[in-house]
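Chain by chain, the residues run as shown.
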Amino acid sequence: MLTLKVITENTDDVIRRLAKKHFDGKEIIGKVLDLDKKRRNTQASLDASLAELNVLSKSIGSLMKDGKKAEAEEAKAKTVQLKENNKTFENDMRDAETELQNLLVLIPNLPAEIVPEGNGADDNLTVKTGGAVPELSADALPHWELAKRYDIIDFELGVKITGAGFPVYKGKGARLQRALISFFLDNAREAGYLEVQPPYVVNTASGYGTGQLPDKEGQMYHCNEDDLYLIPTAEVPVTNIYRDVILNESELPIKNAAYSACFRREAGSYGKDVRGLNRLHQFDKVEIVRIDKPEHSYESLQEMVDYVQSLVDKLELPWRILRLCGGDISFTSALTYDFEVFSAAQKRWLEVSSVSNFESYQANRLKCRYKSADKKPQLCHTLNGSALALPRIVAALLENNQTPKGIRIPKALVPYTGFEYID
RNA sequence: GGAGAGGUGGCAGAGUGGUCGAUUGCGACGGUCUUGAAAACCGCUGAACCGAAAGGUUCCGGGGGUUCGAAUCCCUCCCUCUCCGCCA
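Only a predicted model underlies this, so the values are computations on that prediction, with no experimental measurement involved.

(A) A look at helix H10 (residues 297–314). When the terminal C-alpha atoms of H10 are compared, their 26 Å separation across 18 residues agrees well with the 26 Å that a helix rising 1.5 Å per residue should span. Buried within H10 we find Ser297, Ser300, Leu301, Met304, Val305, Tyr307, Val308, Gln309, Leu311 and Val312.

(B) Spotlight on a negative patch on the surface. On the surface, Asp122, Asp123, Asp328 and Glu351 cluster together into a patch of negative charge. Within the secondary structure layout, Asp328 lies in the loop between strand E11 (319–323) and strand E12 (335–343). Assessed through its relative accessible area of 32%, Asp328 is described here as partly exposed.

(C) View of the protein's contact with RNA strand B. The immediate surroundings of RNA strand B are formed by 20 residues, with Arg39, Gln43, Asp47, Ser57 and Lys371 found nearest. Sugar and phosphate atoms constitute 78% of the interface atoms of RNA strand B, taking the interface as everything within 4 Å of the protein. Asp47 has a polar side-chain atom sitting 2.8 Å from a base nitrogen of RNA strand B. Lys83 is positioned with one of its side-chain polar atoms (N or O) 3.0 Å from a phosphate oxygen of RNA strand B. Listing elements by their share of the surface near RNA strand B, those giving two or more residues are helix H3 (26–65), helix H4 (69–104) and strand E14 (368–371). The dominant element in the surface near RNA strand B, judged by the number of residues it contributes, is H3, at eleven residues.

(D) Geometry of the packing of aromatic side chains. Under the defined criterion, the tally for this structure stands at seven aromatic pairs. Relative to Tyr361, the ring of Phe331 has its centre 6.4 Å away and its plane inclined at 80°; by these criteria the two rings are edge-to-face. Of this pair, Phe331 sits in the loop between E11 and E12 while Tyr361 sits in helix H11 (residues 361–366); the two residues are 30 residues apart in sequence, bridging distant segments of the chain. Taken together through their ring pairs, the aromatic side chains of Phe183, Phe184 and Tyr416 make up a single cluster. Between Lys255 and the ring centre of Tyr193, over which it is positioned, the NZ or CZ distance is 4.8 Å.

(E) Up close: the domain arrangement of chain A. Under the domain assignment, chain A is made up of domain 1 (4–104) and domain 2 (121–422). Measuring from the centre of the C-alpha atoms in domain 1 to the corresponding centre in domain 2 gives 44 Å.

(F) Summary view of the pattern of salt bridges. Evaluated as defined, the whole model comprises 18 salt bridges. Notably, a salt bridge pairs Asp36 with Arg40, separated by 3.0 Å at the nearest N-O pair. You can see Asp36 and its partner Arg40 sitting in helix H3, four residues apart, about one turn around the helix. By relative accessible area, which is 3% here, Asp36 ends up buried. Look at Arg40 and you get partly exposed, because its relative accessible area is 48%. The salt bridge partner of Glu73 is Lys76, with a shortest N-O separation of 3.6 Å. Within this pair, Glu73 and its partner Lys76 are both found in helix H4, separated by three residues, close to a single helical turn.

(G) Inspection of the nonpolar core at higher detail. If you look at the biggest cluster of nonpolar residues, it comprises 63 residues, and the most contacted ones within it are Ile153, Leu180, Phe184, Ile393 and Ile422. Ignoring sequence-local partners within four residues, the contact set of Ile393 consists of Leu180, Leu315, Leu317, Val341, Val352 and Leu388. Residues Val14, Ile15, Leu100 and Leu104 belong to the second largest nonpolar core, which totals 17 residues.

(H) Quick look at the sheet that holds E12. Taking strand neighbours across the sheet as the criterion, the eight strands line up as E1-E11-E12-E13-E16-E10-E9-E4 in an open arrangement whose pairing is mixed. Looking along the sheet, the strands with just one partner apiece sit at the ends: strand E1 (125–130) and strand E4 (194–195). Of the strand pairs in this sheet, E11 and E12 are connected by five bridges, and their pairing is antiparallel. Within E12, the residue paired with Leu322 across the bridge is Asp338.

(I) View of the environment of Ala258. As for its position among the elements, Ala258 is in strand E9 (residues 254–263). Along the chain, Ala258 and Tyr193 lie 65 residues apart, while their C-alpha atoms are 9.1 Å from each other. If we skip the residues at most four places from it in the chain, Ala258 touches Leu185, Val196, Pro198, Ala234, Val238, Lys285, Val286 and Glu287.

What counts as what
Residues numbered from 1 in each chain as written. Chains lettered and ligands numbered in written order. Predicted model: local features only at pLDDT ≥ 70, side-chain atom pairs only at ≥ 80, totals over all residues. Heavy atoms only, no water. Helix = DSSP H or I, 4+ residues; strand = E, 2+ residues; numbered from the N terminus. Expected span 1.5 Å × (residues − 1). Buried < 20%, exposed > 50% of the residue type's maximum accessible area, 1.4 Å probe, protein only. Patch = residues over 30% accessible without salt bridge, like charges linked within 9 Å, V, L, I, M, F, W, Y side chains within 5 Å. Areas by Shrake-Rupley, 256 points an atom, 1.4 Å probe, with all protein chains shown as cover. Salt bridge = Lys/Arg side-chain N within 4 Å of Asp/Glu carboxyl O. Lys, Arg positive; Asp, Glu negative; His and termini not counted. Charge placed at Lys NZ, Arg CZ, Asp CG, Glu CD. Near = heavy atom within 4 Å. Polar contact = N/O pair within 3.5 Å; in protein donor to acceptor, adjacent residues only side chain to side chain. Phe/Tyr/Trp six-rings, centres within 6.5 Å; stacked < 30°, edge-to-face > 60°. Lys NZ or Arg CZ within 6 Å of the ring centre and 35° of its normal. Domains from an automatic or database assignment. Core = buried A, V, L, I, M, F, W, Y, C linked by side-chain atoms within 4.5 Å. Contact = heavy atoms within 4.5 Å. Pairing = 2+ DSSP bridges.

Structure below.
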């Protein structure tokens, strides 16, 4: 969430910038300012009252020691009214604080100035493209047909075992998954990311930390018995490593990479967009997470974008990078670049990565701060991106590389798969 | 699943009703010494909020209670560890 400091010091600017996200902040920010004022006043009163009580208590202590019983009793009597006042102030304080908190979580992050205006996916700005779209013959097949032909992914079997959206990968299909995971992790390591293996199940505190809770609760699988959630992305456990942490300036930037299975309920998603590998309930992904000083975070973002580009280049896929517009960018992000690869048989662009700078929005919730030499702790900036999500990469690889000899594996991947064709 | 122990500052570890935000050790940081480093010695070292500042308030797992006063007593919840059992 946004810090009170930003809201109070740059009120008009905040409202103006929120408008790009089609968020009318005028009323809610007015309320925030009022509540903040109320909170300050209440605290001043409460502190004064508590201070008075503290003084009295100490005096009672010393009076008792000196054997001045009567005077001590007199002082005790005075505390009654003070304690009553404290209770009132405390209640007011708590009410103001929770109300303030409840409002603050409703305000989205401010979009960066370069975020384009726009309402939805059509208004995103294509900032870069690369790779060549292959010429497929007229009888080219979509990946779900290819998966069946080569018997490498069994969607029906997954339905039997679990349900739709949980495919079973077999033979070279399974080996391709494993190869891609290793390929992504090795590349990340070479780019300076520390590999971590996080839990795939998180508690509610972690869910709140990265913002999945409370609003996106319905998108996660929940284990009732233990009140734990299956992670929708490794971002959740990895970023939460840094929850309630004050980092030393010298530790920054932090660069982590993690493979995990990801679980998403995808409630409300139906139709042709979800065929085959296009949308799954369980999928594999390698995620990169960065934590950096505010003044370096946009440099970091660019580095991450360049890094993801290097991956799709090595996989010889046609790609494009979109700068998401105000209407399409997520609630918590300040600037997001989406990577899409072209899946030639479906003739569709598929999103395979989303790289975002959250600035201090997420860090404020996480209480992730850093301390430099002699300054007070201040909030870090957090960033993350997929590098990469597997299913749609596999979809594009299968479709784009179908040949009479079988599915051709890109050169960079062959050392990992151990085979050049799926046939 | 059964039994027990415990949650205190970056870590270790004292503190069992009053001046304790908390002894001490380690670590970190600054300095002296040194060509440099180590060692030694000296100093310093939590966070949040209110306040222009001075200063004030809060925080010893969370919440509640007793008391003029709670890290310390009571209740409750959560978590961690150890042993036994089961098991990858």
